[in-house]
There are 2 protein chains.
Amino acid sequence: MPEGTSSTGRPPSDGSTRDRIRDAAVLRFARSGFGTSVRTIAADAGVSPALVIHHFGSKDALHRACDDFVLRWIVAAKRQNMGRAAGGQLLQVMAEVDEFAPLLGYAVRSLQAGGEVARAFVQHMIEDAQVYTREAVADGIVKPSLDEDARVRYLVLSSLGTLLLSLTLDPPDDPEDFGANVRAFMTEQYLPMIELFTQGFLTSRRMLDDYLLYVGDPPSGTGTDPEPDPEHVPETTSEER
Amino acid sequence: MPEGTSSTGRPPSDGSTRDRIRDAAVLRFARSGFGTSVRTIAADAGVSPALVIHHFGSKDALHRACDDFVLRWIVAAKRQNMGRAAGGQLLQVMAEVDEFAPLLGYAVRSLQAGGEVARAFVQHMIEDAQVYTREAVADGIVKPSLDEDARVRYLVLSSLGTLLLSLTLDPPDDPEDFGANVRAFMTEQYLPMIELFTQGFLTSRRMLDDYLLYVGDPPSGTGTDPEPDPEHVPETTSEER
DNA sequence: GGACCGGCTGAACACTTGTTTAGTCTGTTG
DNA sequence: CAACAGACTAAACAAGTGTTCAGCCGGTCC
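Residues numbered from 1 in each chain as written. Chains lettered and ligands numbered in written order. Predicted model: local features only at pLDDT ≥ 70, side-chain atom pairs only at ≥ 80, totals over all residues. Heavy atoms only, no water.

This part is about the overall build of chain A. Helix and strand content of chain A: ten helices and zero strands. Listing the helices and strands of chain A from first to last along the sequence gives α-α-α-α-α-α-α-α-α-α. Taking all 241 residues of chain A together, 51% fall into the buried category. In chain A, the proportion of contacts linking residues at least 24 apart, taken out of those at least 6 apart, comes to 62%. Accessible surface, chain A: about 11700 Å² in total, of which carbon and sulfur atoms supply 54%. (Helix = DSSP H or I, 4+ residues; strand = E, 2+ residues; numbered from the N terminus. Buried < 20%, exposed > 50% of the residue type's maximum accessible area, 1.4 Å probe, protein only. Contact = heavy atoms within 4.5 Å. Areas by Shrake-Rupley, 256 points an atom, 1.4 Å probe, with all protein chains shown as cover.)

A few words on the side chain of B:Arg151. Its location among the elements puts B:Arg151 in helix 8 (residues 148-169). There is a polar contact of 3.0 Å between the side chain of B:Arg151 and the side chain of B:Glu148. (Polar contact = N/O pair within 3.5 Å; in protein donor to acceptor, adjacent residues only side chain to side chain.)

All right, on to the confidence of the model for chain A then. All names here are of chain A. Overall, the prediction assigns chain A a mean pLDDT of 87, with 84% of residues at 70 or greater. In this model residues 221-241 is a low-confidence stretch, pLDDT under 50, and it forms 39 contacts with partners more than four residues away in sequence or in other chains. In the predicted complex, the global pTM is 0.88; the interface-specific ipTM is 0.88. (pLDDT = per-residue confidence, 0-100.)

Pairs of aromatic rings are described using the distance from one ring centre to the other and the angle between the two planes. Under the defined criterion, the tally for this structure stands at twelve aromatic pairs over all chains. Both rings, one in A:Phe201 and one in B:Phe197, keep their centres 5.3 Å apart while their planes meet at 50 degrees; by these two values the pair is tilted. Placement of A:Phe201 in the loop between helix 9 (178-199) and helix 10 (206-214) and of B:Phe197 in helix 9 (residues 178-199) is noted, with the two residues assigned to different chains. Looking at A:Phe201, the relative accessible area reads 6%, which means it is buried. A relative accessible area of 13% places B:Phe197 in the buried class. Linked through ring pairs, A:Phe29, A:Phe34 and A:Tyr106 together constitute an aromatic cluster. A cation over a ring is seen here: A:Arg22 above A:Phe69, with NZ or CZ 4.2 Å from the ring centre. (Phe/Tyr/Trp six-rings, centres within 6.5 Å; stacked < 30°, edge-to-face > 60°. Lys NZ or Arg CZ within 6 Å of the ring centre and 35° of its normal.)

With respect to spatial proximity, 16 residues lie near DNA strand D, and among them A:Thr17, A:Ser48, B:Val38, B:Arg39 and B:Lys59 are the closest. For DNA strand D, the fraction of atoms within 4 Å of the protein that belong to sugar or phosphate moieties is 57%. The backbone of B:Val38 places a nitrogen or oxygen atom 3.0 Å from a phosphate oxygen of DNA strand D. Within the side chain of B:Arg39, an N or O atom sits 2.8 Å from a base nitrogen of DNA strand D. For the surface near DNA strand D, the secondary-structure elements that each account for two or more residues are helix 3 (49-56) of chain A together with helix 2 (38-44) and helix 3 (49-56) of chain B. Looking at the surface near DNA strand D, the element that brings in the most residues is helix 3 of chain A, giving four residues. For the surface near DNA strand D, the per-class residue count stands at six nonpolar, seven polar and three charged. (Near = heavy atom within 4 Å. Nonpolar A, V, L, I, M, F, W, Y, C, P; charged D, E, K, R; others polar.)

Of the residues lining the interface, 60 residues belong to chain A; the matching set on chain B comes to 58 residues. When chain A packs against chain B, close to 5900 Å² is buried across both sides, 65% of that on carbon and sulfur atoms. It is A:Tyr154, A:Leu169 and A:Phe201 in chain A that bury the most area against chain B; as a group they hold 14% of the surface buried on that side. Seen at the junction of chain A and chain B, the total is zero salt bridges. Inspection of the region where chain A meets chain B yields 23 residue pairs in polar contact (both at pLDDT 80 or more). Only helix 6 (101-113), helix 7 (116-138), helix 8 (148-169), helix 9 and helix 10 of chain A provide two or more residues apiece to the side of chain A that touches chain B. Broken down by element, the side of chain A that touches chain B gets its largest block of residues, 15 residues, from helix 8 of chain A. Residue classes in the side of chain A that touches chain B are distributed as 28 nonpolar, 22 polar and ten charged. (Buried area = accessible area lost by both parts, 1.4 Å probe. Salt bridge = Lys/Arg side-chain N within 4 Å of Asp/Glu carboxyl O.)

Once that is clear, we can look at a negative patch on the surface. Together, A:Asp98, A:Glu99, A:Asp173, A:Asp174 and A:Asp177 give the surface a local cluster of negative charge. When you line up the elements, A:Glu99 lands in the loop between helix 5 (90-95) and helix 6. (Patch = residues over 30% accessible without salt bridge, like charges linked within 9 Å, V, L, I, M, F, W, Y side chains within 5 Å. Lys, Arg positive; Asp, Glu negative; His and termini not counted. Charge placed at Lys NZ, Arg CZ, Asp CG, Glu CD.)

Residues and elements named next belong to chain A. Viewed as axis vectors pointing N to C, helix 1 (residues 17-32) and helix 6 meet at an angle of 55 degrees, and their least axial separation amounts to 8 Å. As judged from the angle between their axes, helix 1 and helix 6 are oblique. You can see that helix 1 and helix 6 cross each other, and the crossing is left-handed. In this structure, helix 1 uses Val26, Leu27, Phe29, Ala30, Arg31 and Ser32 to contact helix 6, whose residues at the interface are Pro102, Gly105, Tyr106 and Arg109. Residue composition of the contact of helix 1 with helix 6, grouped by class: six nonpolar, two polar and two charged. (Axes fitted to C-alpha atoms, helices over the stretch in contact; angles between N-to-C directions. Parallel < 35°, antiparallel > 145°, perpendicular 65-115°, else oblique. Left-handed = near helix turned anticlockwise from the far one by under 90°.)

See the structure below:
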């Protein structure tokens, strides 16, 4: 490895004071949210509040600089962990690496606040899930969908949203330890999730077909058996492909 | 109807200034979040900031009073709309009634901020979904689950979380109009959701059974066929019960 | 009538926020 | 060496926050 940094994809920081401030800000924002005062960040960086403004112009500009940095970090991290991530598990994999804690903390805070980083983050997760799903459908592991893009988007929004909500509903003792928190979340929600993914929820195609009829789409989908059949289709059959 | 209020279950307000302040606070909190200043609320209520503190003691106490009020409102509204809500659709039903807008706005803000109201709100939605799911399973509309409680909790967290995240990712033009926002959300996410509910996502029981084995639970569940069978169970069969 | 009391207010207080200003130090450049 | 430039700071500023204080006003009680 040429740089001191390992395989986390973290953009390099020369030792410059400016970078030290930015790093401290990213850490603080991740830890305490974007409401953190300039004075706190300055203290973290061992520097006067005035210098923060001197280097970045304003707090908003500092925020933007942090966003930029984290964004670059995200794309690099994704590239680095392309092969390693066992398909759609991008988040779980990253949660296990301590070096990613600030990145994920910052991402979570952004997801709660909205904004560009949030959108970019879910976009990356969507793209990741897209290639995984495509492969899995081709391999016969995952059923095809009537609208692959919509499904992937829904699945990402759903898993991230569930995690986020469950984090704010009962905040963990140590919000820093992202790995532990994701693990705790999974032990709680994995069974119902995987069960839903395995057997679905409804016994008949009724609601789906009704909706397809309602939106004017002929219910001869790509995903499942072609004929809706009146009244109570026996089961979610699926000879895929 | 004995009171002036219709069937929204909203707790009555005598015309007292104290109640007027509380009402204004609930509205403003719902509209602009809990960061809203005492001065703004006072202005909304047509009153001096000092009077707000005079009546409630502090801003935090005012916040608590609003929480109490909204909480009482929620349980009353649920009671009122018991029969009307077509099963697990509690949120959609309420979103269509304008009078509930402040309640739902306040609930959303609380879900983003955490706290008691948030927990109580999802708890009520869980209980509502529980009775619906029980009936639906009995009627053969919904498949049984290995852990009904966990499933219901997951489903509620998932739908609320998805809605919340999608609201913060691209904030609607008019955050006030809860009905329109929920409708927009549904037209985007209903198809993938109902498809997942109908046919599931995975083609085999593999992952589910592996997990059941991993946690030491014998995979002879209530939900599906009793025998795991080595290698590739053909399909998500389900003669329930 | 006079005293009291609670609703109510304008003004101020104490504090925190982001930002500015004036100025010091350090190193580089002519 | 003088001069300039940029990193850096202490102190102050302006605005916003929640809260307090002294006092006014209108009604009720002795």
